[in-house]
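# Coordinate inspection notes
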Amino acid sequence: MRKSKLWKKLLGVEHLVFEDGDIEAGLDGREVLVFGVRPDHGHRCRCSRCGRRAPRFDSGEGCRRWRALDAGTMRVYLEAEAPRVACPRHGVVVAAVPWARPGSRFTTTFEDQAAWLCAAMTGTKTAELLRTTWRSVQGIVERVVAELAGKTDRLAGLSRIGIDEISYRKGRRFLMIVVDHDSGRLAWAAEGRSQATVRAFFDALGAGRAAALAEVSADGAEWIHDVVRERAPQARICLDSYHAVAWANKALDKLRRRLAAGLRATGEAELADTRWAVIKNPGDLTSGQKTTIAALARINSPLYRGYLIKEQLREIFTAGPGRGHALLAGLISWCARCRIPEFVKLGATLRRFRDLIWNTLETGTTNARVEAANTHLRALTKRACGFRSPGAL
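Attention in this report is confined to the structure presented alongside it.

Quick notes on the rules
Residues numbered from 1 in each chain as written. Predicted model: local features only at pLDDT ≥ 70, side-chain atom pairs only at ≥ 80, totals over all residues. Heavy atoms only, no water. Helix = DSSP H or I, 4+ residues; strand = E, 2+ residues; numbered from the N terminus. Contact = heavy atoms within 4.5 Å. Areas by Shrake-Rupley, 256 points an atom, 1.4 Å probe, with all protein chains shown as cover. Lys, Arg positive; Asp, Glu negative; His and termini not counted. Charge placed at Lys NZ, Arg CZ, Asp CG, Glu CD. Buried < 20%, exposed > 50% of the residue type's maximum accessible area, 1.4 Å probe, protein only. Pairing = 2+ DSSP bridges. Axes fitted to C-alpha atoms, helices over the stretch in contact; angles between N-to-C directions. Phe/Tyr/Trp six-rings, centres within 6.5 Å; stacked < 30°, edge-to-face > 60°. Lys NZ or Arg CZ within 6 Å of the ring centre and 35° of its normal. Polar contact = N/O pair within 3.5 Å; in protein donor to acceptor, adjacent residues only side chain to side chain. Salt bridge = Lys/Arg side-chain N within 4 Å of Asp/Glu carboxyl O.

The next point concerns the overall build of the chain. A tally of regular secondary structure across the chain gives 15 helices and 12 strands. Here the analysis covers contacts within the chain between residues at least 6 apart in sequence; of these, 57% occur between residues at least 24 apart. Per element, the accessible surface of the chain, about 20,900 Å² overall, is 52% carbon and sulfur. Averaging the locations of the 64 positively and 42 negatively charged side chains of the chain gives two centres separated by 2 Å.

The next thing to look at is the pairing of strand 8 (residues 160–169). Most of strand 8 sits out of view: seven of its 10 residues are buried. As defined by bridge partners, strand 8 adjoins strand 11 (residues 215–218) across three bridges and the pair is classed as parallel. Across the sheet, residue G162 finds its bridge partner in strand 11, namely S217. As paired strands, strand 8 and strand 9 (residues 173–180) are joined by eight bridges and run antiparallel to one another. Residue pairing for strand 9: I163 is matched across the bridge by V178.

With that settled, consider the sheet that holds strand 5 (residues 74–81). Strand order in the open sheet formed by four strands is 1-2-5-4, and the pairing between neighbours is mixed. Whereas interior strands pair on both sides, the edge strands pair on one side only; in this sheet they are strand 1 (16–25) and strand 4 (63–71). With direction set aside, neighbouring strand axes in the sheet form an average angle of 25 degrees. In the sheet, strand 1 pairs with strand 2 (residues 31–39) via nine bridges, with the strands oriented antiparallel. Across the sheet, D20 pairs through a bridge with G36, a residue of strand 2.

Enumeration over the complete set of coordinates arrives at eight aromatic pairs. Between the aromatic rings of F18 and F35, the centroid separation amounts to 5.2 Å while the plane-to-plane angle is 75 degrees, which identifies the pairing as edge-to-face. With a gap of 17 residues between them, F18 in strand 1 and F35 in strand 2 connect regions that are remote in the sequence. F35 carries the same exposure label as F18, and that label is buried. When the ring centre of F174 is taken as origin, the NZ or CZ atom of R193, which lies over that ring, is 4.4 Å away.

Moving on: the side chain of T365. By the element assignment, T365 lies in the loop between helix 14 (354–363) and helix 15 (368–384). Residue T365 is classed as buried on the basis of its relative accessible area of 1%. A polar atom in the side chain of T365 sits 2.4 Å from the side chain of E215. Dropping the residues within four chain positions of it, T365 is found in contact with R160, H181, E215, S217, C238 and T360.

This brings us to the pattern of salt bridges. Under the counting rule described, the total for this entry stands at 28 salt bridges. One salt bridge connects D182 with R160, and the closest N-O pair in it is separated by 2.8 Å. In this pair, D182 sits in the loop between strand 9 and strand 10 (186–191) while R160 sits in strand 8, placing the two residues 22 residues apart along the sequence. Several salt bridges share partner residues, and in doing so they unite R101, E111, D112, R143 and E147 into one network.

Further remarks concern the side chain of D219. Relative to the elements of secondary structure, D219 occurs in the loop between strand 11 and helix 7 (222–231). Here D219 sits buried without a salt bridge, and the closest side chain of opposite charge, R193, lies 6.5 Å off (N-O distance). In this structure the side chain of D219 is engaged in a polar contact, spanning 3.0 Å, whose partner is the backbone nitrogen of A221. If near-sequence neighbours (up to four positions away) are discounted, D219 is found in contact with D164, E165, I224, H225, L239, H243 and N367.

Strand pairing in a sheet relies on backbone hydrogen bonds, with the paired strands running either antiparallel or parallel. With mixed pairing, the five strands of this open sheet are ordered in space as 10-9-8-11-12. With partners counted over all chains shown, the strands left at the sheet margins are strand 10 and strand 12 (236–239), one partner each. On average, each strand axis in the sheet is tilted by 25 degrees relative to the strand beside it, whichever way the strands run. The sheet contact formed by strand 11 and strand 12 spans four bridges and is parallel. Within the sheet, the bridge partner assigned to E215 lies in strand 12 and is R236. Along the sheet, helix 5 (residues 195–205) contacts strand 8, strand 9 and strand 10; its crossing angle with strand 10, the most-contacted strand, is approximately 135 degrees.

What follows is about the environment of L6. Inspection of the secondary structure puts L6 in helix 1 (residues 3–11). Relative accessible area serves as the criterion here: at 38%, L6 is assigned to the partly exposed category. Through-space distance from the C-alpha of L6 to that of A221 is 59 Å; in sequence the pair is 215 residues apart.

In structure tokens form, the structure reads like this:
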């Protein structure tokens with residue numbers, strides 16, 4: 001095998017000609033390997049925007065260097081001229097090189113390696129391992145993602161989707177995400193938390209593919225529901241069961257705190273250590289917490305009734321259609337006449353979203369896959385250790 005072909009394989013480059021090579025001292029004093037190269041005849045004088053041939057304009061800024069994959073412990077650079085060409089469509093631009101993306105000072109294989117490492121470790125650790133800077137790693141990730149985004153149509157074939165928002169940074173900075181329930185993949189994401197952001201998704205989806213949507217799951221945000229009804233009226237909107245039960249837990253906790261404050265004012269402390277006992281699922285209760293729940297039936301009827309209402313709401317989502325419909329109707333009636341303000345309000349909320357809860361019972365669609373995507377995004381945000389733009393995330 002010729003030496004030039006061997007180096008092409010090792011460095012993951014092609015469509016170039018090796019002219020010479022030498023070992024030099026790098027900026028940090030360590031030795032680096034520098035290859036003088038040039039594009040082969042078929043890849044010279046091409047526009048870096050569209051890839052078409054264009055006449056040479058001038059020599060540009062002279063020679064440039066591109067960081068390539070390391071050769072063992074030694075850093076490797078490719079050095080070549082960077083002339084400018086006059087493209088009829090894009091004007092005067094720097095000529096494309098077959099071993100690197102436009103605007104990059106790293107080879108394509110080096111950037112692909114860096115992007116893969118960023119998915120498995122922090123950007124800081126990736127920069128340390130590859131002996132480059134954190135800002136260079138961020139730029140690499142943005143270029144690789146932008147290139148892949150142009151090759152994959154994530155909105156194709158959507159039928160069952162979930163919509164949710166996640167805070168990616170302090171100061172109420174939100175991302176809106178759309179997840180495909182059938183594949184579990186993230187289909188779309190954009191910065192914002194408003195009807196305009198939801199409409200931006202449907203604009204990207206298009207009227208034809210919006211008409212193919214069958215089910216859309218979301219939390220109780222009616223500003224999401226309104227846009228879905230406007231752009232995809234045939235889709236069934238399913239209320240996420242987790243958020244519905246969370247409403248009941250919130251009402252139960254407000255009731256507990258109100259009753260506890262009243263008992264403290266009279267010098268009693270009968271509700272001590274009840275917070276987690278009434279919120280946790282029955283199967284997760286400790287023996288002591290089970291005893292606490294049993295005692296509540298005797299010493300505090302309102303809190304115990306609130307606990308039973310919360311548990312019946314959980315049972316509704318496991319009962320399925322038919323029995324679930326009957327349980328929901330009974331629960332709404334129970335809340336209306338329970339004389340507990342927090343749960344009277346919960347009953348009114350459940351009545352307002354009754355049709356959406358019916359859709360959830362009949363289809364079984366929840367935001368579970370969306371919450372899983374949120375968990376991955378939170379892990380990426382933490383692992384990124386400082387990404388400030390949602391595009392990089």
